[in-house]
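Chain residues, written in single-letter form:
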Amino acid sequence: MAVIRVELAGRGYDVHVGHGLLDNAGYLARDFIRKDRVAAVADRNSHAAHGGRLEAALGASGVGVDWFIAEPGEGAKSWGVLEKLVDWLLEHGVERGDHIFALGGGVVGDLTGFAAAVLKRGCGFVQIPTTLLAQVDSSVGGKTAINTRAGKNLVGAFHQPALVLADTATLGTLPAREMGAGYAEVIKYGILGDPDFFAWCEANGAKVTAREAEALEYAVTRSVEAKARIVAQDERETTGTRALLNLGHTFGHALEAETGFSDRLLHGEAVALGMVLAARYSARLDYISLDDANRVTQAIASAGLRTEIAALGMDCTGRDLAAHMLHDKKMDAGTLPFILLRGIGEAFVDRQVAMEDVAAFLSEQLQAH
Ligand SMILES: NC(=O)c1ccc[n+]([C@@H]2O[C@H](COP(=O)([O-])OP(=O)(O)OC[C@H]3O[C@@H](n4cnc5c(N)ncnc54)[C@H](O)[C@@H]3O)[C@@H](O)[C@H]2O)c1
Ligand SMILES: O=C(O)C(=O)C[C@@H](O)[C@H](O)[C@H](O)COP(=O)(O)O
Ligand SMILES: [Zn+2]
């Protein structure tokens, strides 16, 4: 068990990581429950797998649960589902001082967090992440959002949770493919800023995706520590520090858009491909050696993740992918900063990248192999 504090003046919060702690949710979340019922959001899968445990845990403290259950998948991060959720929360009399519980992966967390941000101009929420990706990344840091036709996470707010309960036992029911997708955001922390952790991932990644308890808890804890440190330094991504967490995402979000935000390519899988592309592009610009780029590729491939965009079978050009990138939220006065590598564990923001060259590079990658 570990408790990691996200230090934010007046709005700091704890992230609890441990095996089985969901059963203690009534006690751990006691400061954030004021009534005899709470509103909780899940998707069909997270509800079926772990809704009963949350009900039992809160029930032991005399608290009932009202559920809003979304369909699984990225489609829930939409205007339509947000509208339904907000109306449902209003019907259920949720007040500003209340906390909404989000039980699920990053989709449930991002949707619930955004609903909490706008409901009555901001009410509280508690994150109970049930995917590896959500435990190591999306439940921490307060980025909340829905997608629009133009792209990923384009409407949202920074709104921090009051508490995060990451029970690694909930990952026992997660499909293997989702473990791989979550692992991409784990190894990201090593690639962007922690060469020792990257080396640990090279040696232990298979144990993490196989859910070996000790390795899994270590990976979640170390990832949350890294994210908490970065978020405390640059909560709203204004200084460039937090932008490093976007490693692989400019490429990755373009791939998600091109594949229609569908099960064809999960967010974590897109980020894995995006990190390979960022490493290769860094080598193309001579920031890192080809050996280092290959080492990144190899570490990602060993987790069973795809590393070649050519294998996605997308009917598009490098220019099409580059066009998606122009919706990136990092765009600044017509320039798109890229998160590239000066070494493994040394990401930086490059504001000099030429989009024409990125498009040419992507065209090559689409044809490789
Ligand atoms: N806010 C952030 O900082 C941040 C960070 C990273 C990713 N994200 C967002 O997170 C989303 C991806 O999150 P995700 O990978 O968790 O996907 P997800 O929420 O879609 O969950 C993946 C799948 O697992 C199922 N599931 C969830 N928990 C389960 C469990 N314990 N047992 C069985 N099935 C379970 C879900 O129903 C879904 O089918 C993307 O929208 C991405 O943009 C946000
Ligand atoms: O927390 C952050 O900051 C991140 O960038 C984490 C990412 O893994 C996550 O996918 C995030 O939602 C992407 O941010 P966005 O601003 O590009 O939507
Ligand atoms: Zn991500």
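Keep in mind it's a predicted model, so treat the numbers as computed, not measured.

Observations regarding the site of ligand 2
Phase 1: Near ligand 2 you find Asp137, Gly141, Lys143, Asn153, Glu185, Arg242, Leu245, Asn246, His249 and Lys329, and these make up its full shell.
Phase 2: Residue composition of the shell around ligand 2, grouped by class: one nonpolar, four polar and five charged.
Phase 3: Viewed by domain, the shell around ligand 2 spans two of them, domain 1 (2–173) and domain 2 (177–209 + 239–367), each represented by three or more residues.

Some words on the sheet that holds strand S4 (residues 64–70)
Phase 1: Spatially, the seven strands line up as an open sheet ordered S1-S2-S9-S6-S5-S3-S4, and their pairing is mixed. The open sheet is flanked by strand S1 (2–6) and S4, the only strands paired with a single partner. Within this sheet the neighbouring strands show an average axis-to-axis angle of 20 degrees, counted without direction.
Phase 2: One ladder, built from three bridges, connects strand S3 (residues 37–43) with strand S5 (residues 99–104); its direction is parallel. When the bridges of S5 are listed, Ala42 appears paired with Leu103.
Phase 3: With respect to the sheet, helix H4 (residues 106–118) is in contact with S3, S4, S5 and strand S6 (124–129), its orientation differing from that of S5 by roughly 165 degrees.
Phase 4: Across the sheet, helix H8 (residues 213–233) lies against S1, strand S2 (13–18) and strand S9 (163–167), angled at about 15 degrees from S1, the strand it touches most.

Some thoughts on the site of ligand 1
Phase 1: Close to ligand 1 lie 31 residues; Asn45, Gly105, Gly106, Val107 and Ser138 are nearest.
Phase 2: Mapped by element, the contributors of at least two residues to the shell around ligand 1 are helix H2 (44–59), H4, helix H5 (132–138), helix H6 (176–193) and helix H10 (267–284).
Phase 3: Considered class by class, the residues forming the shell around ligand 1 number eight nonpolar, 16 polar and seven charged.
Phase 4: Counting only domains with at least three residues in the shell around ligand 1, you end up with domain 1 (2–173) and domain 2 (177–209 + 239–367).

A short note on the environment of Tyr183
Phase 1: Structurally, the position occupied by Tyr183 is in helix H6.
Phase 2: For Tyr183, a count of 26 C-beta atoms within 10 Å translates into the label buried.
Phase 3: C-alpha separation for the pair Tyr183 and Leu305, spaced 122 residues apart in sequence, amounts to 9.2 Å.
Phase 4: Beyond its immediate chain neighbours, meaning those up to four positions away, Tyr183 contacts Leu132, Gly205, Val208, Thr209 and Ala303.

Details of the domain arrangement of the chain
Phase 1: Structurally, the chain comprises domain 1 (2–173) and domain 2 (177–209 + 239–367).
Phase 2: When each unit is reduced to the centre of its C-alpha atoms, the spacing between domain 1 and domain 2 is 28 Å.
Phase 3: Taken together, the 13 residues of domain 1 in the interface contact 16 residues of domain 2.
Phase 4: If you list the elements that add at least two residues to the side of domain 1 that touches domain 2, you get H5 and strand S8 (151–158).
Phase 5: Top contributing element to the side of domain 1 that touches domain 2 by residue count: H5, with four residues.
Phase 6: Among the residues making up the side of domain 1 that touches domain 2, the classes are represented as five nonpolar, five polar and three charged.

Things to note about helix H12 (residues 318–325)
Phase 1: Within H12, the full set of buried residues consists of Gly318, Leu321, Ala322, His324 and Met325. An end-on view of H12 places all buried positions within 150 degrees of arc, on one side of the element.
Phase 2: On its buried face, H12 sits against S8, helix H9 (249–258) and helix H13 (355–367).

Brief notes about the packing of helix H3 (residues 79–91) against H4
Phase 1: The geometry of H3 relative to H4 is characterised by a closest axis approach of 10 Å and an angle of 55 degrees between their N-to-C directions. As judged from the angle between their axes, H3 and H4 are oblique. Where H3 crosses over H4, the two elements pack in a sense that is right-handed. Only Leu111, Phe114, Ala115 and Val118 of H4 make contact with H3, whose side of the interface consists of Val81, Leu82, Leu85, Val86 and Leu89.

Notes on the packing of H12 against H13
Phase 1: The interhelical angle for the contact between H12 and H13, taken along N-to-C directions, is 130 degrees, at an axis separation of 7 Å. Here H12 is positioned oblique relative to H13, judged by the angle of their axes. The chirality of how H12 crosses H13 is right-handed. Contact residues: Gly318, Arg319, Leu321 and Ala322 in H12; Met355, Val358, Ala359, Ala360, Phe361, Leu362, Ser363 and Leu366 in H13.
Phase 2: Counted by class, the contact of H12 with H13 contains nine nonpolar, two polar and one charged residues.

Focus on the nonpolar core
Phase 1: Judged by nonpolar contacts, the single largest core of 112 residues is most densely connected at Ile100, Met275 and Ala278.
Phase 2: The residue makeup of this core includes at least three contributed by each of domain 1 (2–173) and domain 2 (177–209 + 239–367).
Phase 3: Not counting the four nearest positions on each side in its chain, Met275 is found in contact with Lys188, Ile191, Leu247, Gly248, Val296 and Ile300.

Looking at the pairing of S1
Phase 1: Across five bridges, the pairing between S1 and S2 is antiparallel. Directly across from Val3, in S2, lies its bridge partner His16.
Phase 2: With antiparallel pairing between neighbouring strands as the criterion, S1 and S2 make up a hairpin whose turn holds six residues, including Gly10 at a positive phi of roughly 75 degrees.

Some points on the UniProt feature "domain: 3-dehydroquinate synthase N-terminal" (unreviewed entry) in the chain
Phase 1: As annotated in UniProt, the feature "domain: 3-dehydroquinate synthase N-terminal" (unreviewed entry) corresponds to residues 69–179 in the numbering used here.
Phase 2: Counting secondary structure, residues 69–179 comes out at 33% helix and 30% strand; the distance between its end C-alpha atoms is 22 Å.

What counts as what
- Residues numbered from 1 in each chain as written.
- Chains lettered and ligands numbered in written order.
- Predicted model: local features only at pLDDT ≥ 70, side-chain atom pairs only at ≥ 80, totals over all residues.
- Near = placed C-beta within 6 Å.
- Nonpolar A, V, L, I, M, F, W, Y, C, P; charged D, E, K, R; others polar.
- Domains from an automatic or database assignment.
- Pairing = 2+ DSSP bridges.
- Helix = DSSP H or I, 4+ residues; strand = E, 2+ residues; numbered from the N terminus.
- Axes fitted to C-alpha atoms, helices over the stretch in contact; angles between N-to-C directions.
- Contact = placed C-beta atoms within 7 Å.
- Buried ≥ 20, exposed ≤ 12 C-beta atoms within 10 Å, placed from the backbone.
- Arc of directions from axis to C-beta.
- Parallel < 35°, antiparallel > 145°, perpendicular 65-115°, else oblique.
- Left-handed = near helix turned anticlockwise from the far one by under 90°.
- Core = buried A, V, L, I, M, F, W, Y, C linked by C-beta atoms within 7 Å.
- UniProt positions renumbered as here; feature names shortened; annotations may be inferred.

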